[in-house]
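Architecture and fold: a report
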Amino acid sequence: MNIKFSKKSLPTSDSHVVFVYSDKELSDSAAKIDKVTDGLVSRAMDVGHFEGKFGQIIELVAPVNLDINRVLVVGLGKEASLDQVKTQKIGGKIMARLIASGDETLSIAVDVPKKANISGAEFAAHLGYGIRLRRYRFDKYFTKQEESKKPSVIGVDIMCTASANVKKMFEELDRIADGVILARDLVTEPGNVIYPESYAEKIKELSDLGIDVEILTEDEMEELGMGSLLSVGQGSACESHLVVMHWNGSENDDEPPVAFVGKGVTFDTGGISLKPGAGMEDMKFDMGGSAAVVGAMKALAGRNAKVNAIGVVGLVENMPSSTAQRPGDVVTSMSGQTIEVINTDAEGRLVLADALWYTQDRFKPKFMIDLATLTGAIMVALGQEYAGIFSNNDELCENLIRAGKDVDELVWRMPMSKGFDKLVDSKIADMKNVGGKYGGSITAAQFLQRYVNDVPWVHIDIAGTAWRTEASDIAAPGATGYGVRLLDQLVRDNYED
Ligand code: BES
Ligand code: MN
Ligand code: ZN
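Residues numbered from 1 in each chain as written. Chains lettered and ligands numbered in written order. Predicted model: local features only at pLDDT ≥ 70, side-chain atom pairs only at ≥ 80, totals over all residues. Heavy atoms only, no water.

1. A closer look at the overall build of the chain
Put simply, the rule is: Where helices and strands are cited, they refer to DSSP runs of H or I of at least four residues and of E of at least two residues respectively, numbered from the N terminus. Between the two quantities, the radius of gyration covers C-alpha atoms and the globule rule is 2.2 Å times the number of residues to the power 0.38. Buried residues are those whose accessible area, probed at 1.4 Å on protein chains only, stays under 20% of the maximum for their type, while exposed residues exceed 50% and partly exposed ones sit between those limits. By definition in these notes, contact holds between two residues if any of their heavy atoms fall within 4.5 Å. Computed by Shrake-Rupley with a 1.4 Å probe, the accessible areas treat only the displayed protein chains as cover when residues are assessed. Note on charges: Lys and Arg go in the positive column, Asp and Glu in the negative column, and His and the chain ends are not counted at all. Charge placement uses NZ in Lys and CZ in Arg. For Asp and Glu, CG and CD serve respectively.
Of regular secondary structure, the chain possesses 15 helices and 20 strands. The C-alpha atoms of the chain give 24 Å as radius of gyration, which agrees with the globular expectation for 497 residues (23 Å, within 12%). Summarising its shape, the C-alpha atoms of the chain cover approximately 80 × 50 × 40 Å along the three principal directions. Within the span of the chain, comprising 497 residues, buried residues form 58% of the whole. Counted over contacts in the chain with a minimum sequence separation of 6, partners at least 24 positions apart contribute 77%. A total of about 20,300 Å² of accessible surface is found on the chain, and carbon and sulfur atoms cover 50% of it. Separation of charge centres in the chain, based on 53 positive and 72 negative side chains, amounts to 6 Å.

2. A short note on the site of ligand 1
As a reminder of what qualifies: Nearness is judged by heavy atoms alone; a residue qualifies as near a molecule or strand once a single heavy atom is within 4 Å of it. As used in this structure description, the phrase polar contact means that two N or O atoms lie within 3.5 Å; if the pair is within protein, one of them must be able to donate a hydrogen and the other to accept it, and residues adjacent in sequence are counted only when both atoms belong to side chains.
Taken together, 17 residues form the shell around ligand 1, and within it Lys275, Asp286, Asp345, Glu347 and Gly376 come nearest. In the model, an oxygen atom of ligand 1 is placed 2.8 Å from a nitrogen or oxygen of the Asp345 side chain. The separation between an oxygen atom of ligand 1 and a polar main-chain atom of Gly376 is 2.8 Å. Considered on its own, ligand 1 offers 510 Å² of accessible surface; in the complex 76% of this is hidden by protein.

3. Brief notes about the sheet that holds strand β15 (residues 387–391)
Where we set the bar: What makes two strands pair is DSSP finding at least two bridges between them. Simply put, an axis is a line fit to the C-alpha atoms, just over the touching stretch for a helix, and the angle between two N-to-C directions goes from 0 to 180 degrees.
An order of β8-β9-β11-β10-β14-β18-β15-β16 is seen for the 8 strands of this open sheet, with the pairing classed as mixed. The open sheet has two free edges, formed respectively by β8 (212–216) and β16 (411–413), since each of these has just one partner strand. Taking each pair of neighbouring strands and ignoring which way they run, the sheet shows an average axis angle of 20°. Direction of pairing for strand β14 (residues 367–372) relative to strand β18 (residues 457–461): parallel, over a ladder of 5 bridges. From the neighbouring strand, Asp370 faces β18, where its bridge partner is His459. Packed on one face of the sheet, helix α10 (residues 348–363) meets β8, β9 (241–248), β10 (258–268), β11 (308–318), β14 and β18 and runs near 155° to β10.

4. What to know about the sheet that holds strand β12 (residues 330–332)
Read across the open sheet, the 3 strands follow the order β12-β13-β17; overall the sheet is mixed. Strands at the two margins of the open sheet, each flanked by one partner only, are β12 and β17 (431–432). Summarising the sheet, β12 and strand β13 (residues 338–340) pair through 3 bridges and their orientation is antiparallel. Counted as the bridge partner of Thr332 is Thr338 from β13.

5. Quick notes on the coordination of the zinc ion (ligand 3)
Applied cut-off: Sites may look incomplete because water is not among the atoms; the donors themselves are N, O and S atoms within 2.8 Å of the metal, or within 3.2 Å for Na, K and Ca. Just to be clear on the cut-offs, tetrahedral is four donors with all angles between 85 and 135 degrees, square planar is four donors and octahedral six with opposite donors over 155 degrees apart and all others between 65 and 115, and anything else goes down as irregular.
Protein coordination at the zinc ion (ligand 3) comes from Lys263 (NZ), Asp268 (OD), Asp286 (OD) and Glu347 (OE), with a distance range of 1.9 to 2.5 Å. Classification of the site at the zinc ion (ligand 3) rests on its 6 donor atoms, whose angles at the metal span 78 to 177°, yielding the label octahedral. In primary sequence terms, the donor set of the zinc ion (ligand 3) follows K-x4-D-x17-D-x60-E. For the pair the zinc ion (ligand 3) and the manganese ion (ligand 2), the metal-to-metal distance amounts to 3.1 Å, and Asp268 bridges them. For the residue pair Lys263 and Asp268, the accessibility class agrees, reading buried in each case.

6. Observations regarding the coordination of the manganese ion (ligand 2)
The protein atoms donating to the manganese ion (ligand 2) are Asp268 (OD), Asp345 (O), Asp345 (OD) and Glu347 (OE), with metal-donor distances spanning 2.0 to 2.2 Å. Along the chain, the residues donating to the manganese ion (ligand 2) are arranged with the sequence spacing D-x76-D-x1-E.

7. Regarding the packing of aromatic side chains
Rules: Pairing of aromatic rings covers Phe, Tyr and Trp, the last through its six-membered ring, and needs centres within 6.5 Å; plane angles under 30 degrees mean stacked, over 60 mean edge-to-face, and all others mean tilted.
Applying the stated rule across the entire model yields 8 aromatic pairs. Relative to Tyr141, the ring of Phe138 has its centre 5.8 Å away and its plane inclined at 55°; by these criteria the two rings are tilted. With a relative accessible area of 21%, Phe138 lands in the partly exposed category. Grouped by ring-pair contacts, the aromatic residues Phe260, Phe367 and Tyr495 constitute a single cluster.

8. As for helix α3 (residues 84–98)
Going by this rule: One less than the number of residues in a helix, times 1.5 Å, gives the span that helix is expected to have.
For α3, which comprises 15 residues, the first-to-last C-alpha distance of 21 Å matches the rise-based estimate of 21 Å (1.5 Å per residue) to within 8%. Every buried residue of α3 is listed here: Val85, Thr87, Gln88, Ile90, Gly91, Gly92, Ile94, Met95 and Leu98. Residue Asp83 occupies the N-cap position of α3, its side-chain oxygen lying 3.3 Å from the main-chain nitrogen of Val85.

9. Examining the environment of Val41
By the secondary structure assignment, Val41 is in helix α2 (residues 40–47). Classification of Val41 as buried rests on a relative accessible area of 0%. Between the C-alpha atom of Val41 and that of Ser290, which follows or precedes it by 249 residues, the distance is 48 Å. Leave out the neighbours within four places in its chain, and Val41 touches Leu26, Ala30, Ile33, Asp34, Leu60 and Val73.

10. Some details on the pattern of salt bridges
Heads up, the condition is: By salt bridge we mean one thing: a side-chain nitrogen of Lys or Arg within 4 Å of a carboxyl oxygen of Asp or Glu.
Evaluation of the coordinates by the stated rule reveals 35 salt bridges. Here Lys263 and Asp286 are joined by a salt bridge, their closest N and O atoms 3.1 Å apart. In this pair, Lys263 is assigned in strand β10 and Asp286 in the loop between β10 and α9 (288–302), connecting sequence segments 23 residues apart. Taking the relative accessible area as the measure of exposure, Asp286 reaches 1% and is therefore buried. Bridged by salt links that share partners, the residues Arg132, Glu171, Asp174, Arg175 and Asp178 form one connected network.

11. Quick notes on the pairing of β18
By the criterion of burial, β18 is predominantly enclosed, with 5 of the 5 residues buried. Neither face of β18 is exposed, since Trp457, His459 and Asp461 on one face and Val458 and Ile460 on the opposite face are all buried. Sheet topology note: the β15/β18 ladder contains 4 bridges and is antiparallel. Bridging from a neighbouring strand, Phe390 pairs with His459 of β18.

12. A closer look at the domain arrangement of the chain
The following threshold applies: Throughout the structure description, domain borders are defined by an automatic or database domain assignment. What gets called buried area is simply the loss in accessible area from a 1.4 Å probe that two parts show on being joined, summed for both. In this count, Pro and Cys sit with the nonpolar residues alongside Ala, Val, Leu, Ile, Met, Phe, Trp and Tyr, while Asp, Glu, Lys and Arg are called charged and the others, Gly among them, polar.
By domain assignment, the chain separates into domain 1 (2–162) and domain 2 (177–494). Here the C-alpha centroids of domain 1 and domain 2 sit 38 Å apart. Of the residues lining the interface, 14 residues belong to domain 1; the matching set on domain 2 comes to 21 residues. Between domain 1 and domain 2, the buried area comes to about 1,600 Å², and carbon and sulfur atoms account for 54% of it. For the domain 1 face of the interface with domain 2, the top three residues by lost area are Arg132, Leu133 and Tyr136, together amounting to 39%. Taken together, the connections running from domain 1 to domain 2 amount to 4 salt bridges. If you look at where domain 1 meets domain 2, you find 9 residue pairs in polar contact (both at pLDDT 80 or more). Counting only elements with at least two residues in the side of domain 1 that touches domain 2, the list comes to α3 and α4 (120–135). Its residues assigned to classes, the side of domain 1 that touches domain 2 shows 6 nonpolar, 3 polar and 5 charged.

Here's what the structure looks like:
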């Protein structure tokens, strides 16, 4: 789909969008359309109980004397309360309404908001961003699709009086959207398509953007002593990989990097502690943490962020087989610490233990943030609205919470303590990979913390936010790409030259 920004003001598209504020206050463009249609817009507002509330939409068939199919009248609510996220949501709502309308082209008349906290250029750019994110569909495996369900919109013309500024602003958002969409694609691809090897190859493609990609083999990981990560993949026919991405965007080559670490379990059967069959297909999404890392690296490189960043993802498949690890096995991690594997389904922490240790050891980063679809327990605690964060550093948490609000990828800090830490002590090894019956997402985080020294660190449990069965304003049902925008915003606000 092509999104452009133009200055012309006469719609020549299939669908045309105009805005109305609270209390039926017509924008200039809405007033113009009202005039050329002899009051059709005003009439429709009266008939349709339309007050211009945020997100309210009425759809009019255009009169025959106009060269367009339909007019969408879209409520923006109170002008003063418009911000970037709300604007993205409006873009998404428009796209959701028109995506399969049969119309191919869409024009949107943007008037410079007079009282809003957002400039005309910002409004136009973020509208385009929301439109692109909501237009995303993963339909490559349909060999036939009903005409009425096929996405039809291919061109969007955002008409605004604003400057060259808009294009520059959108360009950057568009690069972030590239990262979000890559993450969604990776998460949605099934386990027979994205497995450690193919996934690593896919990540390799990021070298086109100037990212250096290293792929570690099982032999190399063996050499490094990554017995914890390797134990997870040992039941699978697929070779495990650790992939390291380097983006050196800072002016200063010696600037310590920020580091992102992702759980990339390309399919999680549970292993010998096999999961129940119902719904197991969802476990293709168990590489969502790694997808967020890969997407964020793509976004940073795409928009040429002035930061040194490292992305590390542990790619493994958790399968039951005669070579799989057993409950009760003891494995030795790269840190030297030993782990009693009580439950082979608590595999994400085994992968992250070595990935985290390796990252802090090799890169001495400014901070480390790991993302993982780690526990069902976090969904019980926070539902699908917030990801859980666990940390040893207040400042990093505050920055992350703020970034989350800015991009509407919310995080909620969860507690950690010595008492919780004790719950992962084992009777025969340094620790075990499950805690007690309660606080499952916290004991998982305590386990991870044993692989983090003094470096500021946050663990983000995205089990509840990586996938949604219902659409949101900016995403169709399915993979959300959660985390990409969050990490990008964190970097943008705090860690660029
Ligand atoms: N990938 C799962 C976590 C998960 C479960 C994410 C359901 C999304 C939905 C993880 O590997 C896992 O199986 N965790 C177990 C841990 C338990 C065995 C201690 C869980 O949460 O049940
Ligand atoms: Mn599991
Ligand atoms: Zn898992």
